[in-house]
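Analysis of the macromolecular model
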Amino acid sequence: MDGLITKFEALGLTADKAKEAAGNKKLAPTLDGLITATGQSSFSKNTGMLLYKLAAKVTKEKTPHGDYIAQAIGSGRLGSDEQVSAATKFCSKNDPTADEKAFDAACGVGVVVSDAEISAAIAGVLDSFKDTLLAERYRALGRALGKVKSTAALQWADSGKVKSEFDAQALALLGPKDERDDPAAAKKAAKKAAPKAASAKSAESRGWEPATLESMFAEGEISRLHKVGENPQIKPELTAEHLRATGGQVITRFPPEPNGFLHIGHAKAINVNFGYAKTHGGVCNLRYDDTNPEAEEQVYVDSILEIIRWLGFEPHQVLYSSDYFQQLYDLAVQLTERGLAYVCHCTGEQINEQRGGKDKGGARFACEHRDRPIAESLAEFQKMKDGRYGANEATLRMKQDLEDGNPQMWDLIAYRVKFAHHHRTGDAWCIYPTYDFTHCLCDSFENITHSLCTREFFQSRQSYYWLCDAVEVYKPVQWEYGRLNVTNTMLSKRKLLALRNAGVVRDLDDPRLYTLPALRRRGVPPQAINAFVRELGITPADAVIEVGRLENHIRDALNVCAPRIMALVRPVRVVLENLPENYFEEHELVYHPSDTAFGSRRVPFTRTLFIDSSDFRESDSPGYFRLAPNKTVGLNGVPYPITCTGVRRAADGSVSEVLCRYENEASVPKPKAYIQWVADSPQHGSPVRIDELRVYNPLFKHANPDEKSVTGGFMNDVSETSLEIIHGAVADIGLWDSIKRYAATDAGKKELNEQNVETLRFQFMRIGYFALDKDSSMPLSAIESDQIASTKLVMNRIVTLKEDAKKDA
């Protein structure tokens, strides 16, 4: 192994990377062979990286002329990623030694694109994008760069020069980035240039401009995937049949197993699969991978489709792996007839030993049933189907390649016995295909052009292709991208169920979790989730993203769509002693400071009102600008301030009322602070009482509750302050007015009847963003007849306000 490490370091790999490559049983021999093929022992960094990338791509079956490509890299004929990709594509269908001129033409060998040609081509693209670029500025640059990269004249241009020239021309057109391109810088600039109130209005008026779906696919390897029909097949007629069936249209699929709720990581998968199809004029199917009846439930089937639609996508077809049970069985029989599958009676422990033991480092050996006669395996498989074997007494295994370095080629199980009722096929089957057998074949049946999946399926690509070729069906292309995880949570179904079963969370849609139904229930807008995953882009590397980045998108989305309401978490009564008992005013308050479409409401102002307890102190202190004895404070939307003149106390000594003077007849200095308030005027429907205010905080104490350093494991890391339930909060009449207005619309009636009340989202000023929870009781009849007493309002905190992130609710 030391010799391989030294050899790989000569490519320019770091010591750690070289060690990792040398330990990879599939990559190491391939890379070693490619290095040997070049006849060289030292390499430039560019040449070394090209050889390393080639080793990760080639297989003997897919690229039989890998050594030829390696020699072309070593000699300098191929000098870029684009040329090597073109070479592997050419060699998958052609013998380069038979026609080297055709190889050179296909790979751009000897083609030189001058600086002037690069400049002219980029200028042409930017000119065609000019109006969009001037309107959207740097936000549209990704799409423009994608267009540049797909320009035929630049196919073989130096990618570094193309990028440098593109950046220079973009800078000349748009100028340096400024506040229009950086919301954070805009806020800082606004604060310096204008008073605080003006800067806030300026920041809001710009609106929210999230990343587009198209931007996800404008850069990186996913922007250069094959065109429909370009993927090689074991028989040429399969390509022709595929093209007839698809008409050249891109077809993708999203294939979840209906054994749990989708989570935030699936939001990326949904955007990738549905988004790739949409941006390429294609379609995406939803296919439930329902081959494990013991774990699947109809509630998950329903939820998955509902969540996809909630995120803004619509499947072209809703399909099930169970739709193909007969076809899958027929192909399993065919595979066995070809001597490429056999019935095995080994236990799970025995199969594990055959594969090298627990760490897969031991010797591998064949199962004693591997070479049984074909007729015997067929008869045994029929017995499995007839229910003559119990669970774990027999399996059908694929006869692959035990000498291959890839564990996915070590005779995977294709069928197992399960006496379980299936949610669609009932008791018609007692044998069920595995994921490894089902997935690629269902992709083939549906003529999927791009099978997009996460990196944990990288090794499965080889077995995916092997099985399609073994039964001689159309073979889609599998392409992997990095998984998405976020901090401060966990997404494992097993661990989420453990949390639920232990009573830590109420259910799998508990708003403290990051399942998509939980985020929806909390009140998170779907456009915020889409913006979050689109901003991250698509790369091969798995990513663990700070949850704060998601929260920023949530705030940005809510800032646009949430009306502003004055709310008090812990109200304290205020009496304006200089006003008569029946004093009444009305003040008009807008729902959104920068969007008149939200409208306004008229709120009552009376002798008695409420303020939040956090806005009053009995003892004043420097730097405190809210209400205190002998101190004046402004009230939001009210022309005159109030001054505290004293307090009244309850029997236990606590403050029961704050006594104040309404300064409507005196000239007082402008107050340094304004606070929210709610009138005590039942005849005007004020205040609106909130039965429960649920304040959610992180469920775990650590950013990664799965870390080994967390004593006692994740169950021991649960925060005692993850949920606070507050009773007695109140809000101004705008809350009830907004509910009534929503209930008067057809969409509102539908959502309320279906108990999807989380779409009613609000900004409680200076507190946070809140949404109604499905535990609320709001009959349409009570809303329409203005009977607020017949309702129950339960509200979830979605997220804090940025400036109040450290303030207790």
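Rules used in this analysis
Throughout this document, residue positions are counted from 1 along each chain, in the order its sequence is written. It should be noted that, the model being predicted, local features are given only for residues of pLDDT at least 70 and side-chain atom pairs only at 80 or more, the latter also being counted only at that level, while totals for whole chains, interfaces and linings use all residues. Hydrogens and water molecules were not included; the side-chain quantities draw on all heavy atoms of the structure. Each helix corresponds to a stretch of at least 4 residues labelled H or I by DSSP, and each strand to a stretch of at least 2 residues labelled E; elements are numbered beginning at the N terminus. Asp and Glu count as negative and Lys and Arg as positive, but His and the ends of the chain are not part of the count. One atom stands in for each charge, and that atom is NZ of Lys, CZ of Arg, CG of Asp or CD of Glu. In this description, strands pair whenever DSSP reports at least two bridges between them. Residues grouped as a nonpolar core are buried Ala, Val, Leu, Ile, Met, Phe, Trp, Tyr and Cys residues, joined through side-chain atoms within 4.5 Å. Whether a residue is buried, partly exposed or exposed follows from its accessible area with a 1.4 Å probe, protein chains only, as a fraction of its type maximum: under 20%, in between, or over 50%, in that order. By definition in these notes, contact holds between two residues if any of their heavy atoms fall within 4.5 Å. Per residue, pLDDT measures the predictor's confidence, with a range of 0 to 100. In this analysis an axis means a line fitted to C-alpha atoms, helices contributing only their contacting stretch, and an angle means the value between N-to-C directions, from 0 to 180 degrees. Put simply, a salt bridge is a Lys or Arg side-chain nitrogen that is within 4 Å of an Asp or Glu carboxyl oxygen. The scheme is simple: roughly parallel for angles under 35 degrees, roughly antiparallel for over 145, roughly perpendicular for 65 to 115, oblique for anything else. For any helix crossing, the convention is left-handed if the near helix is rotated counterclockwise from the far helix by under a right angle, and right-handed if that rotation is clockwise. Residues are sorted three ways: Asp, Glu, Lys and Arg are charged, Ala, Val, Leu, Ile, Met, Phe, Trp, Tyr, Cys and Pro are nonpolar, and all the rest, Gly among them, are polar. A right-handed crossover is one whose linking path, passing over the helix from the first strand to the second, runs clockwise when the strands point away from the viewer. Note on ring pairs: Phe, Tyr and Trp rings are taken, using the six-membered ring of Trp, and paired if centres are within 6.5 Å. Classes follow the plane angle, with under 30 degrees stacked, over 60 edge-to-face and the rest tilted.

Here the focus is the overall build of the chain. On a plain count of helices and strands, the chain comes out with 28 helices and 29 strands. Principal-axis analysis of the C-alpha atoms gives the chain an extent of 100 × 75 × 50 Å. One way to put it: in the chain the 101 positive side-chain charges average out to a point 3 Å from where the 109 negative ones average out.

Okay, the sheet that holds strand β19 (residues 642-649) next. The mixed open sheet is built from seven strands, whose spatial order is β21-β18-β19-β20-β14-β17-β22. Looking at strand neighbours, the two that pair on one side only are β21 (674-675) and β22 (678-679), the edges of this open sheet. Judged from the two bridges that link them, strand β18 (residues 632-635) and β21 form a sheet pairing that is parallel. Paired with G634 across the two strands is Y674, which belongs to β21.

In this section: the nonpolar core. In terms of nonpolar packing, the biggest core is built from 56 residues, with I264, L311 and I529 touching the most fellow members. Per element, the largest residue contribution to this core is eight residues, and it comes from helix α15 (residues 264-279). Beyond its immediate chain neighbours, meaning those up to four positions away, I529 contacts I264, A267, W310, L311, L516, L519 and V524. Counting 38 residues, the second largest nonpolar core, distinct from the first, contains L328, A332, C440 and L467.

With respect to burial, strand β17 (residues 608-612) is a largely interior element, five of its five residues being buried. The alternating pattern of β17 places T608, F610 and D612 on one face and L609 and I611 on the opposite face, and all of these are buried. Here β17 runs beside β22; their pairing, made up of two bridges, is antiparallel. Following the sheet pairing, L609 is matched in β22 by A679.

On average, the chain scores 90 in pLDDT, and the residues at 70 or more come to 95%. This stretch, residues 193-206, has a pLDDT under 50; its non-local contacts, to residues over four places away or in other chains, come to 13 contacts.

Ordered in space as β1-β2-β3, the three strands form an open sheet in which the pairing is parallel. Looking at the sheet topology across the chains shown, the edges are occupied by β1 (251-254) and β3 (318-320). Strand-to-strand twist across the sheet, computed as the mean angle between neighbouring axes with direction ignored, equals 35°.

Let us look at the pattern of salt bridges. In total, this model carries 51 salt bridges according to the counting rule given. We note a salt bridge from E376 to R372, for which the minimum N-O separation is 2.8 Å. In this structure E376 comes out as partly exposed when scored by relative accessible area, which is 35%. Accessibility expressed as a relative area gives 15% for R372, which makes it buried. When the shortest N-O distance is used, the salt bridge between D509 and K774 registers 2.7 Å. Note that D509 is positioned in the loop between α22 (493-501) and α23 (516-522) and K774 in the loop between β28 (768-772) and α28 (780-784), a separation of 265 residues in sequence. What emerges from the salt-bridge pattern is a single network uniting R506, D509, R521, E692, R694, D773, K774 and D775.

Bringing the packing of helix α17 (residues 325-337) against helix α19 (residues 374-385) into the picture now. Contact geometry for α17 and α19: axes closest at 9 Å, N-to-C directions at 155°. Between α17 and α19, the crossing angle belongs to the class labelled roughly antiparallel. As α17 packs across α19, the resulting crossing turns out to be right-handed. Each of Y329, A332, V333, T336 and E337 in α17 lies in contact with α19, whose residues at this interface are I374, S377, L378, F381, Q382 and K385. Residue classes in the contact of α17 with α19 are distributed as six nonpolar, three polar and two charged.

Turning our eyes to something else, we now look at the pairing of strand β2 (residues 283-288). For β2, the buried fraction is high: six of the six residues fall into the buried class. Going residue by residue along β2, you find V283, N285 and R287 tucked away on one face and C284, L286 and Y288 tucked away on the opposite face as well. As judged from the four bridges shared by β1 and β2, these two strands associate in the parallel manner. By the bridge assignment for β2, I251 is matched with V283. In terms of handedness, the path from β1 via α15 over to β2 forms a crossover that is right-handed. Two strands pair when backbone bridges link them, and β2 and β3 are joined in this way by three bridges, in the parallel orientation. Bridged to R287 within β3 is L319. Tracing the backbone out of β2, into helix α16 (residues 298-310) and back to the parallel element β3 gives a crossover that is right-handed.

Contact pair helix α3 (residues 27-38) / helix α4 (residues 45-57): the axes reach a minimum separation of 9 Å and the direction vectors enclose 130°. As judged from the angle between their axes, α3 and α4 are oblique. The chirality of how α3 crosses α4 is right-handed. Of the residues in α4, those in contact with L27, T30, L31, L34 and T38 of α3 are L51, Y52, L54, A55 and A56.

Each aromatic ring pair is specified by the distance between its two centres and by the angle formed by the two planes. Counting across every chain of the model gives 21 aromatic pairs. Between Y329 and W429 the ring centres are 5.8 Å apart and the planes differ by 55°, which places this aromatic pair in the tilted class. Here Y329, found in helix α17, pairs with W429, found in the loop between β6 (413-417) and β7 (431-433); they are 100 residues apart in sequence, far enough to count as distant. Exposure remark for Y329: the relative accessible area of 8% places this residue in the buried category. On the basis of relative accessible area, W429 is assigned to the buried category, the value being 13%. Ring pairs connect the aromatic residues F325, Y329, F381, Y415, W429, Y432 and F437, which therefore count as one cluster.

Let us now look at helix α21 (residues 460-470). Judged by how many residues are buried, α21 sits mostly within the fold: ten of eleven residues are covered. Turning to α21, its buried residues number three or more, namely S460, R461, Q462, S463, Y464, Y465, W466, L467, C468 and A470. Elements that come into contact with the buried residues of α21 comprise α17, β5 (395-398), α20 (435-445), β8 (450-454) and β9 (477-481). Where α21 ends, the next residue or the one after it, E472, has phi of about 55°, a positive value.

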